[in-house]
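For reference, the chains in residue letters:
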Amino acid sequence: YYAQERYRAYVDVLADYSIPFDPRLVSPSLAWSRNAGRQAVQLLFEERALRAGSDVQALVAASDWQAHGAWSALQAYGLRVPEDVALVGVNDNRESRVSTPPLTSVALPYRELGQMAVETLLTLLDGGQVNAFTTLDARLTLRQSCGCADADLEGAAVPPAPRRCR
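Keep in mind that what you see is a predicted model, and the values were worked out from it rather than measured.

Cut-offs and rules
Residues numbered from 1 in each chain as written. Predicted model: local features only at pLDDT ≥ 70, side-chain atom pairs only at ≥ 80, totals over all residues. Heavy atoms only, no water. Phe/Tyr/Trp six-rings, centres within 6.5 Å; stacked < 30°, edge-to-face > 60°. Helix = DSSP H or I, 4+ residues; strand = E, 2+ residues; numbered from the N terminus. Buried < 20%, exposed > 50% of the residue type's maximum accessible area, 1.4 Å probe, protein only.

Visitor: Account for the packing of aromatic side chains, with residues named and values stated.
Guide: All chains considered together, the criterion is met by 5 aromatic pairs. With a centroid separation of 6.5 Å and an interplanar angle of 70°, the aromatic rings of Tyr-10 and Phe-21 are classed as edge-to-face. Residue Tyr-10 is found in helix 1 (residues 2-16), and its partner Phe-21 is found in the loop between helix 1 and helix 2 (34-47); the two are separated by 11 residues along the sequence. In this structure Tyr-10 comes out as partly exposed when scored by relative accessible area, which is 30%. What makes Phe-21 partly exposed here is its relative accessible area of 38%. Taking the centre distance of 5.8 Å and the plane angle of 45° together, the rings of Phe-45 and Tyr-77 count as tilted. Here Phe-45 is found in helix 2, whereas its partner Tyr-77 is found in the loop between helix 3 (64-76) and strand 2 (86-90), with 32 residues between them in sequence. For Phe-45, a relative accessible area of 12% translates into the label buried. Taking relative accessible area as the criterion, Tyr-77 reaches 32% and is therefore assigned partly exposed.

Any functional reading would require information that these geometric values do not contain.
Written out as structure tokens, the structure is:
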């Protein structure tokens, strides 16, 4: 489900900016692991023969683990992040904050998600009604792996969005 939602967001943003969808730039759904990130880079650069800089300027992984695996594969090809390929992940794990350069990542609201899960469980145990589906907004954490300069990062703070439920 989460991989599908992230893929849908990718397709939606392309459409919002009138960028044509190119299936060669998307890997099939893979595991949430470092090895999956390495496999995706291998698929793009070896099997599909895409070139960094001209065909691929950035990689967006569905998780930080995949992004770190992709990073290792990019290094094996002699490519640098962000000079040759920008890199973004999802989850904002600890390793992403201390990597060199630090990984740009989408931070998920795990604390709020846990609180909401407990509140939902307590409501159900009390016989109450809950929403069938609830979403929480994520937050983009810009760091140097996307190619942004430090001065750009300071001005890019995005305030947290209000909760949305559906």
